[in-house]
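Below are the chains, spelled out letter by letter.
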Amino acid sequence: MASIAAHASAVCRVTAPRTGARRASKARATRGVAVRAAVDLNEVTVADTKQKFLKSYPYPIPSIWSVALQELLVTQHFVRYSKKYSYSKLSSLGFVSVYDQLFEGFPSEEEKNTIFECFVKALEEDPATVRKDAAELASFAEGASGVDGVLASPIFAQMKSLVADGKFAYSRYDAIGLFRLLELAKATEPAALEKLAESSGLQARSIHWFPYDRVGVVNADP
């Protein structure tokens, strides 16, 4: 899987909306973004999430994969149980892209898929839905004609609405999802990323970070 060149790399942050720009209506479930009921972070701890994963997959994983996997699990736990959390296809595409690259060369394809299922279920999400949504969005991007074709997807307007309402919890996977969409649409120039980020209500800034680098994905500053 090719990575976007370093000079085109960027990470997206949520742009804080002005008070007057907030919408009065509640965010609704949409085709690309589905709002989950808020969960008190104190009710589900990092230890709980780790225990769910270890209970469903109590087998040793080689350290080259297990260390990064645990980092990803902890990071995503805080996003998942944020009061602003909402499931999105874009985040699913980002996570699947990271996971599949991270587990390249894993000894068993069957175990790789099982670990994926246990990881996603530990975060109270549906593995089949995550895979399906990521595949659908990737297929859409492959058939898109550049960044304008990618922007035809309704997920960007939906995300921008959540950001404006202050109901969007930023995830690193959202940024990686943007990168992946542009890769698949063969529109990797920096201007394309900025256009996509702006349409999502996010803010892009240039950094020297490869989105699929195994160390960078875990340790890069979001």
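Values in this document were obtained by computation on a predicted structure and should not be read as measured data. Residue positions are given per chain, counted from 1 along the sequence in the order it is written. Restriction of local features to residues with pLDDT of at least 70 applies here, the model being predicted, together with a cutoff of 80 or more for giving and counting side-chain atom pairs; totals for whole chains, interfaces and linings are based on all residues. Just so you know, side-chain values use all the structure's heavy atoms and leave hydrogens and water out.

K.L.:
Explain the packing of aromatic side chains here, please?
P.N.:
Aromatic ring pairs are defined here through the distance separating the ring centres and the angle between the ring planes. Any two rings among Phe, Tyr and Trp, with Trp reduced to its six-membered ring, count as a pair given centres within 6.5 Å; such a pair is stacked if its planes are under 30 degrees apart, edge-to-face if over 60, and tilted if neither. Under the counting rule described, the total for this entry stands at 11 aromatic pairs. Ring plane angle 20° and centroid distance 4.4 Å describe the contact between Tyr99 and Phe103, whose orientation is recorded as stacked. Chaining the aromatic ring pairs together yields one cluster made of Trp65, Phe95, Tyr99, Phe103, Phe106, Phe116, Phe119 and Tyr173. The lysine or arginine in question, Arg131, covers the ring of Phe116, its NZ or CZ lying 4.2 Å from the ring centre. Only when the NZ atom of a Lys or the CZ atom of an Arg is both within 6 Å of the ring centre and within 35 degrees of the ring normal do we say a charge sits over the ring.

K.L.:
Would you take a moment to explain the pattern of salt bridges for this structure?
P.N.:
A side chain of one charge can pair with a side chain of the opposite charge when the charged atoms of the two come close. Counted as salt bridges are all cases of a side-chain nitrogen of Lys or Arg within 4 Å of a carboxyl oxygen of Asp or Glu. One pass over the full model with this rule turns up nine salt bridges. Close ionic contact of Glu125 with Arg80 constitutes a salt bridge, the shortest N to O distance being 3.2 Å. Here the residue Glu125 occupies a position in the loop between helix 4 (109–122) and helix 5 (127–142), and Arg80 occupies one in helix 2 (residues 63–80), the gap between them amounting to 45 residues. By the burial criterion, Glu125 is buried, and Arg80 matches it. For Glu109, the salt bridge is made with Lys112, and the minimal N-O distance between the two is 3.9 Å. Of this pair, Glu109 and Lys112 both sit in helix 4, three residues apart, which is roughly one turn of the helix. Here the salt bridges do not stand alone but share partners, grouping Asp100, Glu109, Lys112 and Arg131 into one network. Every helix listed is a DSSP run of H or I at least four residues long, and every strand listed is a run of E at least two residues long, numbered separately from the N terminus. Relative accessibility decides the category of a residue: with a 1.4 Å probe and only protein chains considered, values under 20% of the type maximum give buried, values over 50% give exposed, and everything between is partly exposed.

K.L.:
What exactly am I supposed to notice about the packing of helix 4 against helix 5 here?
P.N.:
Axes are the key here: two packed helices are described by the angle between their axes and the distance separating the axes. With axes taken as lines fitted to C-alpha atoms, and helix axes fitted only over the stretch in contact, angles between N-to-C directions fall between 0 and 180 degrees. Orientation of helix 4 relative to helix 5, taken along the N-to-C sense of each, is 105°, at an axis distance of 8 Å. Here helix 4 lies roughly perpendicular to helix 5, going by the angle between them. In this structure, helix 4 uses Phe116, Glu117, Val120 and Lys121 to contact helix 5, whose residues at the interface are Pro127, Val130 and Arg131. Of the residues that constitute the contact of helix 4 with helix 5, the class distribution is four nonpolar, no polar and three charged. Here the word oblique covers every angle except those under 35 degrees (roughly parallel), over 145 (roughly antiparallel) and from 65 to 115 (roughly perpendicular). Note on contacts: a residue pair qualifies if any of its non-hydrogen atoms lie within 4.5 Å across the two residues. Under this grouping Gly is polar, as are all residues other than the nonpolar Ala, Val, Leu, Ile, Met, Phe, Trp, Tyr, Cys and Pro and the charged Asp, Glu, Lys and Arg.

K.L.:
Explain the nonpolar core to me, please; I cannot follow it from the model alone.
P.N.:
As a rule of thumb, soluble globular proteins bury nonpolar side chains together. Buried Ala, Val, Leu, Ile, Met, Phe, Trp, Tyr and Cys residues that are joined via side-chain atoms within 4.5 Å together make up what is termed a nonpolar core. Within the largest apolar cluster, 57 residues are counted, with the highest numbers of intra-cluster contacts made by Phe53, Ile115 and Phe119. Those elements giving two or more residues to this core turn out to be helix 2, helix 3 (89–102), helix 4, helix 5, helix 6 (146–150), helix 7 (155–164), helix 8 (172–184) and helix 9 (190–200). Per-element accounting of this core gives the leading share, eight residues, to helix 8. Once residues within four sequence positions are removed from consideration, Ile115 is found in contact with Phe53, Tyr57, Ile61, Leu69, Tyr99, Phe103 and Phe106.

K.L.:
What's the story with the environment of Leu181 in this structure? I'm lost.
P.N.:
Residue position: Leu181 is located in helix 8. Considered as a pair, Leu181 and Leu196 are 15 residues apart in the sequence and their alpha carbons are 9.6 Å apart. For Leu181, the residues in contact, after removing those within four places along its chain, are Leu90, Leu93, Leu137, Ala141, Val150 and Phe156.

K.L.:
Can you help me understand the side chain of Ser88 in this one?
P.N.:
By the element assignment, Ser88 lies in strand 3 (residues 86–88). Judged by relative accessible area, which is 3%, Ser88 ranks as buried. Any pair of nitrogen or oxygen atoms within 3.5 Å is treated as a polar contact; in protein, a donor-acceptor pairing is required on top of that, and neighbouring residues in sequence qualify only through side-chain atoms on both sides. Within polar-contact distance, the side chain of Ser88 engages the side chain of Asp174 at 3.5 Å.

K.L.:
What am I meant to see in helix 8 here?
P.N.:
Residues lying three or four places apart along an α-helix face the same way, a consequence of the helix completing one turn every 3.6 residues. The end-to-end C-alpha distance of helix 8, which contains 13 residues, comes to 19 Å, matching closely the 18 Å that a straight helix rising 1.5 Å per residue would cover. With respect to burial, helix 8 is a largely interior element, 13 of its 13 residues being buried. Residue Lys186 follows helix 8 closely and has a positive phi angle near 55°. How far a helix is expected to stretch is found by multiplying one less than its residue total by 1.5 Å.

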